[in-house]
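# Notes for the structure review
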Amino acid sequence: MTEETNQERPENASDRIRKAFAVELDRFSDSPGSLKEAEKELRELQEVRIKFLGKKSELATQKKMIGSIEPKLRRDFALVFQSLEQDLTRTLNDKEQRLKTFILRAGIERDAIDVTIPGRRPRPGHLHPITLMRQRIEDIFVSLGYTVEDDREIETDFYNFDALNIPEGHPARDPQDTFYTTDGFALRSQTSTVQIHAMQRRGAPVRMIAPGRVFRRDTPDPTHNPMFYQVEGLCVDRGITMAHLKGTLDEFVHRLFGSTTKTRFRPSYFPFTEPSAEVDYSCFKCGGAGCRICKWSGWIELGGSGMVHPNVLRAANVDPEEFTGFAFGLGIDRTGARIYELDDIRLLFENDIRFLEQFK
Ligand code: DAH
């Protein structure tokens, strides 16, 4: 058989390596308890692979010696280490595969969506009742050829009063007392201010509405609030008459409340119109017979209106000899409060979700 050399028999070396390998592999669990543990084992397995099959492993050293083996023993020697290498590789691959499968499964489980957990439902908001009302009004006038103007809420006395034919000391300033800043500015008390801005910007002819907030020094009660919404209307052209005003507001109430709705004009006074009229519409609930909504009168007030005063046209550099026009001002929240049958207008400004939710 083999000649006595001081070289270790390949079977012995192989056995020794196998035993050392088995001891190392013993440290690994059969099935790891957690994803973390499995990941750690996978890393350690790589170290074992390098230790037993890497370039500096004993197996590699043995394989390098093959050249110095006696030719007749060389084949056996090679076979022993070849089979050792195959066995170790197979065992390591096997173990690695099992760990990887475990890691993959555990990862999927960790990232899985539990469809039984109650979801976080998005809560879409909705428009405020005043906005809904404003949009309905805008839609009607836009379809009649009006533009929608959005203008400033802080004004000078000129736009809020003087240009609207309300000079200083005029009693009409009184009911419209507003909030003043220290610099001679005031919060506008009416959207009529936009008549002047619009005519200065666009000249004549002009057809516009201006919805917006206005402010008055009023004590809040069920029908008053120091801040409320109006929509101003202005139509200036050659040959505009009161008939155009009546026709326009008729059309407006027909579209808003239904085609059987009637309007009536009551003579009134506004400094910026001459003649002036208060406009009412027949109650949309009872049709004029009288009910709680119209306070048993059959009519509901829409707002003020009239033919634009020549002084107002002049203040905005429009020639009253060439142009005439009509104007009107309606309360958005007041009209909304009627339609929604609110007993207290303040509900619209309290931000109470229980109230607002009803307008979804
Ligand atoms: N500005 C008036 C108010 O706040 C409403 C109004 C009346 C506007 C007549 C007009 C108008 O344009 O012609 O009470």
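Scoring rules and cut-offs
- Residues numbered from 1 in each chain as written.
- Predicted model: local features only at pLDDT ≥ 70, side-chain atom pairs only at ≥ 80, totals over all residues.
- Heavy atoms only, no water.
- Helix = DSSP H or I, 4+ residues; strand = E, 2+ residues; numbered from the N terminus.
- Rg over C-alpha atoms; globule rule 2.2 N^0.38 Å.
- Buried < 20%, exposed > 50% of the residue type's maximum accessible area, 1.4 Å probe, protein only.
- Contact = heavy atoms within 4.5 Å.
- Areas by Shrake-Rupley, 256 points an atom, 1.4 Å probe, with all protein chains shown as cover.
- Lys, Arg positive; Asp, Glu negative; His and termini not counted.
- Charge placed at Lys NZ, Arg CZ, Asp CG, Glu CD.
- Near = heavy atom within 4 Å.
- Polar contact = N/O pair within 3.5 Å; in protein donor to acceptor, adjacent residues only side chain to side chain.
- Nonpolar A, V, L, I, M, F, W, Y, C, P; charged D, E, K, R; others polar.
- Pairing = 2+ DSSP bridges.
- Salt bridge = Lys/Arg side-chain N within 4 Å of Asp/Glu carboxyl O.
- Phe/Tyr/Trp six-rings, centres within 6.5 Å; stacked < 30°, edge-to-face > 60°.
- Axes fitted to C-alpha atoms, helices over the stretch in contact; angles between N-to-C directions.
- Parallel < 35°, antiparallel > 145°, perpendicular 65-115°, else oblique.

### Observations regarding the overall build of the protein chain
Within the protein chain, the secondary structure is distributed over 11 helices and 9 strands. Taking 2.2 N^0.38 as the reference for a compact globule, 360 residues should give roughly 21 Å; the C-alpha atoms of the protein chain span a radius of gyration of 46 Å, well beyond that estimate. In terms of overall dimensions, the protein chain has C-alpha extents of about 135 × 45 × 40 Å along its principal axes. In the protein chain, buried positions account for 41% of the 360 residues. Summarising the internal contacts of the protein chain: among those between residues at least 6 apart in sequence, 68% fall at separations of at least 24. Here the protein chain has roughly 20,900 Å² of accessible surface; of this, 52% comes from carbon and sulfur atoms. Here the protein chain holds 52 positive side-chain charges and 56 negative ones, and the gap between their average locations is 6 Å.

### Considerations on the site of the ligand
In the neighbourhood of the ligand, 16 residues make up the surrounding shell, with Gln190, Ser192, Arg216, Gln230 and Glu232 lying closest. Contacts to the ligand include glutamine 230, whose side-chain N or O atom sits 2.8 Å from an oxygen atom. Note that an oxygen atom of the ligand is positioned 3.3 Å from one of the backbone N or O atoms of phenylalanine 328. Its free accessible area being 360 Å², the ligand has 92% of it covered by the protein chains. Split by residue class, the shell around the ligand holds 4 nonpolar, 10 polar and 2 charged.

### Focus on the pairing of strand S4 (residues 206-215)
Residues in a regular strand point their side chains to alternate faces of the sheet. Most of S4 sits out of view: 8 of its 10 residues are buried. Two elements, strand S1 (residues 147-148) and S4, share 2 bridges in a ladder whose sense is parallel. Each residue of the ladder has a partner; that of threonine 147, found in S4, is methionine 208. Sheet topology note: the S4/strand S5 (residues 227-237) ladder contains 10 bridges and is antiparallel. In the strand pairing of S5, arginine 207 is matched with cysteine 235.

### Quick look at the pattern of salt bridges
The tally for this structure, following the rule as stated, stands at 28 salt bridges. Lysine 100 is the salt-bridge partner of glutamate 96, the closest N and O atoms lying 3.0 Å from each other. Pair noted here: glutamate 96 and lysine 100 are both in helix H4 (residues 71-111), with a separation of 4 residues, about one helical turn. Judged by its relative accessible area of 16%, glutamate 96 falls in the buried class. Here arginine 213 makes a salt bridge to glutamate 153, at a shortest N to O gap of 3.1 Å. With arginine 213 in strand S4 and glutamate 153 in the loop between S1 and strand S2 (154-156), the pair connects residues that are 60 residues apart, well separated along the chain. Relative accessible area serves as the criterion here: at 31%, arginine 213 is assigned to the partly exposed category.

### Some thoughts on unusual backbone geometry
Looking along the chain, the bond that leaves alanine 204 and enters proline 205 is cis, with omega of -5°. Along the chain, proline 205 turns up in the loop between helix H7 (193-202) and S4. The linkage connecting glutamate 274 with the following residue, proline 275, adopts the cis geometry, with an omega of 0°. Looking at the secondary structure, you find proline 275 in strand S7 (residues 273-282). The phi angle at asparagine 317 is positive, at roughly 60°, despite the residue not being glycine. Structurally, asparagine 317 can be placed in the loop between helix H9 (310-315) and strand S9 (324-331). For asparagine 351, which is not a glycine, the phi torsion comes out positive at approximately 55°.

### Here we look at the packing of aromatic side chains
A complete count under the given rule lists 12 aromatic pairs for this structure. When the ring of phenylalanine 21 is compared with that of phenylalanine 52, the centres are 5.2 Å apart and the planes differ by 80°; the resulting orientation is edge-to-face. Of this pair, phenylalanine 21 sits in helix H1 (residues 10-26) while phenylalanine 52 sits in helix H2 (residues 35-53), placing them 31 residues apart in sequence. For phenylalanine 52, a relative accessible area of 7% gives the class buried. Ring plane angle 25° and centroid distance 5.0 Å describe the contact between phenylalanine 141 and phenylalanine 252, whose orientation is recorded as stacked. Taken together, the residues span a long stretch of sequence, with phenylalanine 141 in helix H5 (residues 129-143) and phenylalanine 252 in helix H8 (residues 242-257) at a distance of 111 residues. We classify phenylalanine 252 as buried; its relative accessible area is 0%.

### A closer look at the environment of arginine 255
Secondary-structure assignment places arginine 255 in helix H8. The partly exposed category is assigned to arginine 255, whose relative accessible area is 41%. For arginine 255 and isoleucine 66, which are 189 residues apart along the polypeptide, the C-alpha to C-alpha distance reads 104 Å. Here glutamate 251 takes part through its side chain, which lies 2.8 Å from a polar atom of the side chain of arginine 255.

### Quick notes on the packing of H5 against helix H10 (residues 332-339)
Contact geometry of H5 with H10 gives a least axis separation of 9 Å together with a crossing angle of 105°. As far as their axial angle goes, H10 and H5 are roughly perpendicular. Taken together, the residues of H10 that come into contact with H5 (itself represented by Ile130, Met133, Arg134, Arg136 and Ile137) are Ile332, Asp333, Thr335, Gly336 and Ile339. The residue makeup of the contact of H5 with H10, split by class, is 5 nonpolar, 2 polar and 3 charged.

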